[in-house]
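Chain by chain, the residues:
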Number of protein chains: 2
Amino acid sequence: MRQPLPADMFDELCPSSLNPIRFGFGDKWAALVIRCLQDGPRRFSELRVPLGRVTAKGLTRSLRSLERGGLVRRTVVAGAGSRVEYELTPLGRSMLAPMAVACAWAEDHWDELLEARESHDAASLDRAG
Amino acid sequence: MRQPLPADMFDELCPSSLNPIRFGFGDKWAALVIRCLQDGPRRFSELRVPLGRVTAKGLTRSLRSLERGGLVRRTVVAGAGSRVEYELTPLGRSMLAPMAVACAWAEDHWDELLEARESHDAASLDRAG
DNA sequence: CAGCATCCATTTAGATACTG
DNA sequence: CAGTATCTAAATGGATGCTG
């Protein structure tokens, strides 16, 4: 079933959101967009919910970039008012697996990553007096 | 055996170089640096060879970022002249596997990615007249 | 609703010159 | 050798207002 996307899907501290591995289709939202599309087509406004802090411009840019790379297909749905749907192409879908691997790694090592960063920063501050 | 790093290790058209998946430790070189370190410690100047178009500043920034994330350890080797070695920490080493998965995906779908991009661009030009 | 245009602030990257 | 300092250019991101 395609549930509506939860607004807290990418909470600030969730590893998949602050994931140090970025899938570089041009911008910082692309990887998150792909995850949002994994359960089927979504509309533009639907995608804005879980991303929270993305602007229309940012989301548009992300989607265009993914479209250009052949990972996402954009479809204008006939009917009353504007309605556009985005969905993963087979190519885009094939990216879900490596992405899951990367996210699993990030989750597994999240604490280590944070700790390393903190102790490094603390040591730097030390040296700076 | 630790061979010297080949200058053509990341040739312009090699998928692992133009990899659309970027491991986001701050900059565009980080993922490539990690691959360069996979066979053991390397010196600063040694790392510049396979990266080719990186500047000293860019490489320094990358290495600092990786150090901060706890993926790379920097060691000043005592002796005549300056000598600094960089090597992967266990955490950094644990990243090689997900990275290999991502690179394999990129290689497998490289042609599709290029083709999608080209046909998309061609269609855009078409519309633009 | 789904954007594009415009303006502006911030971040990031490269070139170049210089240092312990 | 292994950087740092400085400047500049380019990319990125957000805010706001407008359009079919």
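Just above, that's the structure.
Residues numbered from 1 in each chain as written. Chains lettered and ligands numbered in written order. Predicted model: local features only at pLDDT ≥ 70, side-chain atom pairs only at ≥ 80, totals over all residues. Heavy atoms only, no water.

**Notes on the protein's contact with DNA strand D**
Right, on to step 1. Inspection of the region around DNA strand D gives 21 residues, with Lys57(A), Ser82(A), Ser45(B), Arg74(B) and Tyr86(B) positioned closest.
Right, on to step 2. For DNA strand D, the fraction of protein-proximal atoms (within 4 Å) that sit in sugar or phosphate groups is 71%.
Right, on to step 3. Take Arg74(B): an N or O atom from its side chain is 2.6 Å from a phosphate oxygen of DNA strand D.
Right, on to step 4. At 2.4 Å from a phosphate oxygen of DNA strand D is found a side-chain nitrogen or oxygen belonging to Tyr86(B).
Right, on to step 5. For the surface near DNA strand D, the elements supplying multiple residues, two or more each, are helix H4 (56-68) of chain A together with helix H3 (44-51), helix H4 (56-68) and strand E4 (84-88) of chain B.
Right, on to step 6. The element that contributes the greatest number of residues to the surface near DNA strand D is H4(B), accounting for four residues.
Right, on to step 7. Of the residues belonging to the surface near DNA strand D, the class tally is five nonpolar, six polar and ten charged. (Near = heavy atom within 4 Å. Polar contact = N/O pair within 3.5 Å; in protein donor to acceptor, adjacent residues only side chain to side chain. Helix = DSSP H or I, 4+ residues; strand = E, 2+ residues; numbered from the N terminus. Nonpolar A, V, L, I, M, F, W, Y, C, P; charged D, E, K, R; others polar.)

**A word on the environment of Ala80(B)**
Right, on to step 1. With respect to the secondary-structure elements, Ala80(B) resides in the loop between strand E3 (72-76) and E4.
Right, on to step 2. Separated by 14 residues in the primary sequence, Ala80(B) and Leu66(B) place their C-alpha atoms 27 Å from one another.

**Quick word on the pairing of strand E4 (residues 84-88) of chain A**
Residues and elements named next belong to chain A.
Right, on to step 1. Only one face of E4 is buried: it carries Val84, Tyr86 and Leu88, and the other face, with Glu85 and Glu87, is open.
Right, on to step 2. The pairing of strand E2 (residues 42-43) with E4 spans two bridges and is classified as antiparallel. Bridging across to E4, Arg42 finds its partner in Tyr86.
Right, on to step 3. Direction of pairing for strand E3 (residues 72-76) relative to E4: antiparallel, over a ladder of five bridges. The partner of Arg73 across the bridge, within E4, is Glu87. (Buried < 20%, exposed > 50% of the residue type's maximum accessible area, 1.4 Å probe, protein only. Pairing = 2+ DSSP bridges.)

**A word on the packing of helix H3 (residues 44-51) of chain A against H4(A)**
Residue and element names in this part refer to chain A.
Right, on to step 1. Where H3 meets H4, the closest approach of the two axes is 11 Å, and the angle between their N-to-C directions is 110°. One finds that H3 runs roughly perpendicular with respect to H4. The two elements H3 and H4 cross, and the hand of that crossing is right-handed. Counted together, Phe44, Leu47, Arg48 and Leu51 of H3 and Ala56, Leu59, Thr60 and Leu63 of H4 form the full contact between these two elements. (Axes fitted to C-alpha atoms, helices over the stretch in contact; angles between N-to-C directions. Parallel < 35°, antiparallel > 145°, perpendicular 65-115°, else oblique. Left-handed = near helix turned anticlockwise from the far one by under 90°. Contact = heavy atoms within 4.5 Å.)

**What about helix H6 (residues 96-108) of chain B?**
Right, on to step 1. Over its 13 residues, H6(B) extends 18 Å from the first C-alpha to the last, a length consistent with the 18 Å expected when each residue adds 1.5 Å.
Right, on to step 2. Buried within H6(B) we find Leu96(B), Pro98(B), Met99(B), Ala102(B), Cys103(B), Trp105(B) and Ala106(B). (Expected span 1.5 Å × (residues − 1).)

**A look at the sheet that holds E3(A)**
Right, on to step 1. Ordered in space as E2-E4-E3 (chain A), the three strands form an open sheet in which the pairing is antiparallel. On the outer flanks of this sheet lie E2 and E3 of chain A, each paired with one strand and no other.

**A few points about the environment of Leu37(B)**
Residue and element names in this part refer to chain B.
Right, on to step 1. Checked against the element boundaries, Leu37 lands in the loop between helix H2 (30-36) and strand E2 (42-43).
Right, on to step 2. We classify Leu37 as buried; its relative accessible area is 0%.
Right, on to step 3. Each C-alpha atom of the pair Leu37 and Glu87 lies 6.1 Å from the other, and the pair is 50 residues apart in sequence.

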